[in-house]
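# Residue-level structure breakdown
Residues per chain, in single letters:
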Amino acid sequence: MRIEITKPLFAWECLEDSPSLKTVKRFLEAIPDGPLLEGLRNWRGRGRNDYPVHVLWGVVLLTPLLRHQRIEGCLAELGRNRGLRRLIGIESESQVPKKWNVSRFLDTLGQEPHISRVREIFDTIVRKLGGAVPDLGRDTAGDSTWLHGRHKSSAAAVKSERAQGLPQPAGGRKEYKDDDGQVSKVVEWFGYKLHLLVDVKHEVALAYEVTSTKAGDGETLPGLLCQAQSNLPDKRIRTLAYDKAADDNKVHRLLSKARIKPLIQNRSLWKEEHEKMLPGHDGNSNIVYDESGTLHCYDRTSRPMVRHRMSYIGHEPSRQTLKYRCPARHEGWECPNDAQCNAGKKYGKTVRVDRSIDLRRFPPIPRATKKFERMYKGRTSVERVNARLKLFWGVDDGNITGARRFAARVGVVMAVHAGLALLLAATPRREGTLGKTRLSAIQQSLQESATA
């Protein structure tokens, strides 16, 4: 894999459609799967060992890595590729596992403590990246997507999975509305929901969670945020973008306590009111705010009265307030109401909004600002990560039966995603001719940690 020096640190478009044996070898060496394999060997004990656990684990890893949607495709490639077989410890074609062997292995992988160790692989890689990449996780975004799955036919198996705490597949429905609030698109599926928290700039997943289709995004966000914070250096996360599904008082209180600035679109809940008086202002005041928390002032001299949006000056963290100024004085135009509002004030009328009045309504970055609009666009990074998980690495197979197999499959795909991110970040960059490569400080750090 060759990456130009001008490419981003995580150059996802430079991934090979058909990875070379060298790339596969580097990837397998980068995956910290020692505790998982040791645990699987201890679990198997002295039973039959026709297909060693490291071989079955290798097949499970290679399936998404080589971009096979199903296990059968990976097994077929192993049957005809001698070099690939040897990378995962298979000496001959006759030793290639059968489909049902891998299926049973996935069922085992989805049980405790193995499934937790699969997640630990993902967390370990993200922690390594977070320590090496100074801005990884600074600006984040979250969202959920649908994944198709199937029920197990055995009631006893379903009961056992539920006892383990694994969500069961169920019917899901999601409606998309246009600007007028009318339903423009409806998506229905049977399976699960995958919730992600990703880095906006680098498009690397920092945390993930598989839930039932009935779980709301606001309910899952606290757990996702906790996982991401544990995978990153302290106080690394500064902003979090999410859609209206996370516009909840509990979420805003959580983010405020963690000193994280929310970039969350406002849900429309006011049925009849269009504006309210700002608390602390009586009926003689001309300052109001709308449902999204935007402040306005009224020019009461003109007939009819004219409403103007006040100029946002900034967030004052020490006071936990938002500062606004007279738009006419700030923007340099004349207002007929200037004498009443700004008499004796050099900079014009100034209003400070105490955020504790309503954390959901008054975030540190107000919604009606260019900064909010610019940073909220970073939420599209989650959609691109979802697309890679589904199209490249087959997380939405649709043929996985049972919650254990499904949880194991998602965990493996997320480990592959993190492993490829590590590979991209650690790859030397080519400068000009083929013989000239350069290691950045990040690549040097990652390579030193790999050999330590």
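The following paragraphs examine the structure supplied in this document. (Residues numbered from 1 in each chain as written. Predicted model: local features only at pLDDT ≥ 70, side-chain atom pairs only at ≥ 80, totals over all residues. Heavy atoms only, no water.)

### Some thoughts on the overall build of the protein chain
Assigned secondary structure in the protein chain consists of 16 helices and 16 strands. Taken over the C-alpha atoms alone, the protein chain extends approximately 90 × 60 × 35 Å along its principal axes. Across the 452 residues in the protein chain, those meeting the buried criterion constitute 51%. Relative to all contacts within the protein chain whose residues are 6 or more apart in sequence, the contacts with residues 24 or more apart total 63%. (Helix = DSSP H or I, 4+ residues; strand = E, 2+ residues; numbered from the N terminus. Buried < 20%, exposed > 50% of the residue type's maximum accessible area, 1.4 Å probe, protein only. Contact = heavy atoms within 4.5 Å.)

### Comments concerning the pairing of strand 14 (residues 350-354)
Side chains of strand 14 alternate between two faces, with V351 and V353 buried and T350, R352 and D354 left unburied. Pairing of strand 13 (residues 321-325) with strand 14 involves 5 bridges; the strand directions are antiparallel. Residue T321 lies in a different strand from strand 14, and its bridge partner there is D354. (Pairing = 2+ DSSP bridges.)

### What to know about the pairing of strand 4 (residues 183-199)
In this structure, strand 2 (residues 139-148) lies alongside strand 4, joined through 9 bridges in antiparallel fashion. Paired with H148 across the two strands is G191, which belongs to strand 4. Of the pairings in the sheet, the one linking strand 4 to strand 5 (residues 205-211) comprises 6 bridges and is antiparallel in character. By the bridge assignment, L194 is partnered in strand 5 with V210. The turn linking strand 4 back onto strand 5 is made up of 5 residues, and E203 within it adopts a positive phi angle of 55 degrees.

### Description of the sheet that holds strand 9 (residues 287-289)
What the 4 strands build is an open sheet, ordered 8-9-10-11; its pairing is antiparallel. The open sheet terminates on both sides in strands that have one partner only, identified here as strand 8 (276-277) and strand 11 (306-309). Sheet topology places strand 8 next to strand 9; 2 bridges connect them, and they run antiparallel. The residue bridging K276 from the neighbouring strand is Y289, located in strand 9.

### A few points about the packing of helix 3 (residues 53-65) against helix 6 (residues 99-109)
Look at helix 3 against helix 6: their axes get within 10 Å of each other, and the N-to-C directions meet at 95 degrees. Judged by the angle between their axes, helix 3 and helix 6 are roughly perpendicular. Seen from helix 3, the contacting residues are V53, L56, W57, V59 and V60; seen from helix 6, they are N101, V102, F105, L106 and L109. Its residues assigned to classes, the contact of helix 3 with helix 6 comprises 9 nonpolar, 1 polar and no charged. (Axes fitted to C-alpha atoms, helices over the stretch in contact; angles between N-to-C directions. Parallel < 35°, antiparallel > 145°, perpendicular 65-115°, else oblique. Nonpolar A, V, L, I, M, F, W, Y, C, P; charged D, E, K, R; others polar.)

### Comments concerning the packing of aromatic side chains
One pass over the full model with this rule turns up 9 aromatic pairs. For the pair F392 and W393, a centre-to-centre distance of 6.3 Å together with 75 degrees between the ring planes defines the contact as edge-to-face. Joined through ring pairs, the aromatic side chains of W12, F392 and W393 make up one cluster. The aromatic ring of Y208 is capped on one face by R119, whose charged end is 4.2 Å from the ring centroid. A cation over an aromatic ring shows up here: K390 above the ring of W146, its NZ or CZ 4.6 Å from the ring centre. (Phe/Tyr/Trp six-rings, centres within 6.5 Å; stacked < 30°, edge-to-face > 60°. Lys NZ or Arg CZ within 6 Å of the ring centre and 35° of its normal.)

### Quick look at the side chain of D247
Here D247 shows up in the loop between strand 6 (239-242) and helix 10 (249-257). Separated by 3.3 Å, the side chains of D247 and N266 make a polar contact. Among the polar contacts listed, one links the side chain of D247 to the side chain of R360, at a separation of 3.0 Å. The residues touching D247, leaving out its near neighbours within four places in the chain, are H252, I264, Q265, N266, R267, R360 and R367. (Polar contact = N/O pair within 3.5 Å; in protein donor to acceptor, adjacent residues only side chain to side chain.)

### Here's the deal with the pattern of salt bridges
According to the stated counting rule, one finds 22 salt bridges in the structure shown. Between R379 and D143 there is a salt bridge, with the nearest N and O atoms lying 3.3 Å from each other. Taken as a pair, R379 in the loop between helix 13 (370-376) and helix 14 (380-392) and D143 in strand 2 lie far apart in primary sequence, 236 residues in all. According to the relative accessible area criterion, R379 is buried, its value standing at 14%. The buried category is assigned to D143, whose relative accessible area is 7%. Put simply, D107, K152 and E161 are held in one network by salt bridges that share partners. (Salt bridge = Lys/Arg side-chain N within 4 Å of Asp/Glu carboxyl O.)

### Describing a positive patch on the surface
On the surface, R238, K261, K371 and R374 cluster together into a positively charged patch. Note on placement: R238 falls in the loop between helix 9 (217-231) and strand 6. (Patch = residues over 30% accessible without salt bridge, like charges linked within 9 Å, V, L, I, M, F, W, Y side chains within 5 Å. Areas by Shrake-Rupley, 256 points an atom, 1.4 Å probe, with all protein chains shown as cover. Lys, Arg positive; Asp, Glu negative; His and termini not counted. Charge placed at Lys NZ, Arg CZ, Asp CG, Glu CD.)

### With respect to the sheet that holds strand 12 (residues 311-316)
Strands sit in the order 12-13-14 across an open sheet of 3 strands; the sheet is antiparallel. Both outer strands of the open sheet, strand 12 and strand 14, are each paired with one neighbouring strand and no more. Recorded for the sheet is a direction-independent mean angle of 25 degrees between the axes of neighbouring strands. Bridge count for strand 12 against strand 13 is 5 bridges, and the pairing is antiparallel. Looking at the pairing, H315 lines up with L322 of strand 13.

### Considering the packing of helix 2 (residues 34-44) against helix 7 (residues 114-132)
Direction vectors running N to C along helix 2 and helix 7 enclose 165 degrees, while the axes themselves pass 9 Å from each other. Accordingly, the angle class assigned to the pair helix 2 and helix 7 is roughly antiparallel. Classified by chirality, the crossing of helix 7 by helix 2 is left-handed. Residue-level contacts link P35, L36, G39, L40 and W43 of helix 2 to H114, R117, V118 and I121 of helix 7. (Left-handed = near helix turned anticlockwise from the far one by under 90°.)

### Some words on the environment of S154
Topologically, S154 is positioned in the loop between strand 2 and helix 8 (155-164). Distance from S154 to G223, taken between C-alpha atoms, is 31 Å for residues 69 residues apart in sequence.

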